[in-house]
Amino acid sequence: MLPNPLPQSDAYANTLRALGTGVQVHTIGDQGRCLIQTRHFPIIGPVNLISRGPVGLSPSGSADYLHALDMPGPLVINTSSLDIPVIGKLMLAKPKSVALLSLSDPCCMRANLHQNWRNALKKAEHSGLRVTNTAYHPDQHAWLIAANAAQQKTQHYRNWPTRLLNTFASENTGHARVITALDHKTPIAGMLILCHRPWATYHMGVTTDAGRRSNAHNLSLWQAMLWLAKRGYDTLDLGLLTGPDRLDRFKLRTGATRQQLGGTWLRLPRPFWRQFPSIHAPSGQKA
């Protein structure tokens, strides 16, 4: 099956269309595809975005597709690999890495856990915690959204606007899953996973002091892994790796592998190409 990062998925396309964003999904040959978002701005006009695409192509095939792509207005490209040459050499953001976890049978996944992660899981499994997996609902899970909003302020990061999350959930029924760890009836940790077959994406997670002490996140994520694998999902995208911190260790010790993305680049409309020496075609091609 094709790689299916969230920004290239049909589930995400459904969400964007419902919010009024222009979406094109190109089929490229037998294996490739690319989702392109288009937003219109006053004075500037259309601005296009390819995020973590195209997928299903070799680096040279991706480069050929991007070179032939002629879009009105600027094109921002966040490539899925460092190996994809980009026509526009105006970098907007340096390459980042994500953690991708392969989902398989429970014995194999458990064997791939780092020993410390597995020990924390064993402790959580004997703690008496109960884990639930339910479809996200804005009212029922307002506590999770509020806790994440507070966490964003203290940890200085930004997640999706709530409107985007709510639209994803309404347009893709049952595909936004909330995994909650409960001590008796009290939630002590929660995470939200977005499903877009054959991949799923870890979208947000919050915990309490009690949750940290009992390793509730280990148990919650493990239960999510089992649930997804049983239903045929093959990859869980655990999101960005930002540095040598505790969260990165938590992600990678699940057995996930690091995949480096290709950075974010700006490509101006085709008439501008010849005016900027730094904007060039792939090797062997003329702009």
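All values reported here derive from a predicted model rather than from experimental measurement.

A few points about the overall build of the chain
Right, so step 1: Scanning the chain from terminus to terminus reveals 9 helices and 13 strands.
Right, so step 2: Expressed along its principal axes, the backbone C-alpha trace of the chain runs to roughly 65 × 40 × 35 Å.
Right, so step 3: Looking at the chain as a whole, 48% of its 287 residues are labelled buried.
Right, so step 4: Considering only contacts in the chain between residues 6 or more positions apart, those separated by 24 or more positions represent 69%.

Some remarks on the packing of aromatic side chains
Right, so step 1: In the structure shown here, the tally under the stated rule is 3 aromatic pairs.
Right, so step 2: Note on tryptophan 160 and phenylalanine 168: the rings are 6.2 Å apart at their centroids and 55° apart in plane angle, and the pair reads as tilted.
Right, so step 3: Of the residues examined, phenylalanine 168 reaches a relative accessible area of 0% and is grouped as buried.
Right, so step 4: Among the aromatic residues, ring-to-ring pairing joins Tyr12, Trp160 and Phe168 into one connected group.

Re the sheet that holds strand 5 (residues 90-93)
Right, so step 1: Reading across the sheet, the 6 strands line up as 1-2-3-4-13-5 and stay open at both edges, with mixed pairing between neighbours. Pairing within the sheet leaves two strands with one partner each, and these edge strands are strand 1 (22-28) and strand 5. Sheet twist, expressed as the mean angle between neighbouring strand axes with direction ignored, is 25°.
Right, so step 2: Sheet topology places strand 2 (residues 32-41) next to strand 3 (residues 45-51); 5 bridges connect them, and they run antiparallel. Opposite threonine 38, over in strand 3, you have asparagine 48 as the bridge partner.
Right, so step 3: Set on the sheet, helix 1 (residues 10-18) makes contact with strand 1 and strand 2; between it and strand 2 the angle comes to about 20°.

Things to note about the pairing of strand 10 (residues 199-207)
Right, so step 1: The buried count for strand 10 comes to 8 of 9 residues, which makes it a mostly enclosed element.
Right, so step 2: Hairpin remark: strand 9 (residues 186-196) followed by strand 10, antiparallel, with 2 residues in the connecting loop.

Focus: the sheet that holds strand 8 (residues 176-183)
Right, so step 1: Taken in spatial order, the 7 strands of this open sheet run 7-8-9-10-11-6-12, and their pairing is mixed. The sheet terminates laterally at strand 7 (130-135) and strand 12 (257-260), the two strands that pair on one side only. Taken pair by pair, the neighbouring strands of this sheet meet at an average axis angle of 30°, ignoring direction.
Right, so step 2: Two elements, strand 7 and strand 8, share 6 bridges in a ladder whose sense is antiparallel. Of the residues in strand 8, the one forming a bridge with arginine 130 is leucine 182.
Right, so step 3: Those strands touched by helix 6 (residues 162-171) are strand 8, strand 9 and strand 10, and its axis lies near 65° from that of strand 9.
Right, so step 4: Helix-sheet contacts for helix 8 (residues 216-230) involve strand 6 (97-102), strand 7, strand 8, strand 9, strand 10 and strand 11 (235-241), and the interaxial angle to strand 9 is about 35°.

Thoughts on the packing of helix 4 (residues 115-125) against helix 8
Right, so step 1: Relative to each other, helix 4 and helix 8 sit at 95°, their axes nearing to 8 Å. Relative to helix 8, the element helix 4 is oriented roughly perpendicular. The segment helix 4 lies against helix 8, with Trp117, Ala120, Leu121, Ala124 and Glu125 engaging Asn218, Leu219, Leu221 and Trp222.
Right, so step 2: When the residues that make up the contact of helix 4 with helix 8 are grouped by side-chain class, the tally is 7 nonpolar, 1 polar and 1 charged.

The rules behind the values
Residues numbered from 1 in each chain as written. Predicted model: local features only at pLDDT ≥ 70, side-chain atom pairs only at ≥ 80, totals over all residues. Heavy atoms only, no water. Helix = DSSP H or I, 4+ residues; strand = E, 2+ residues; numbered from the N terminus. Buried < 20%, exposed > 50% of the residue type's maximum accessible area, 1.4 Å probe, protein only. Contact = heavy atoms within 4.5 Å. Phe/Tyr/Trp six-rings, centres within 6.5 Å; stacked < 30°, edge-to-face > 60°. Pairing = 2+ DSSP bridges. Axes fitted to C-alpha atoms, helices over the stretch in contact; angles between N-to-C directions. Parallel < 35°, antiparallel > 145°, perpendicular 65-115°, else oblique. Nonpolar A, V, L, I, M, F, W, Y, C, P; charged D, E, K, R; others polar.

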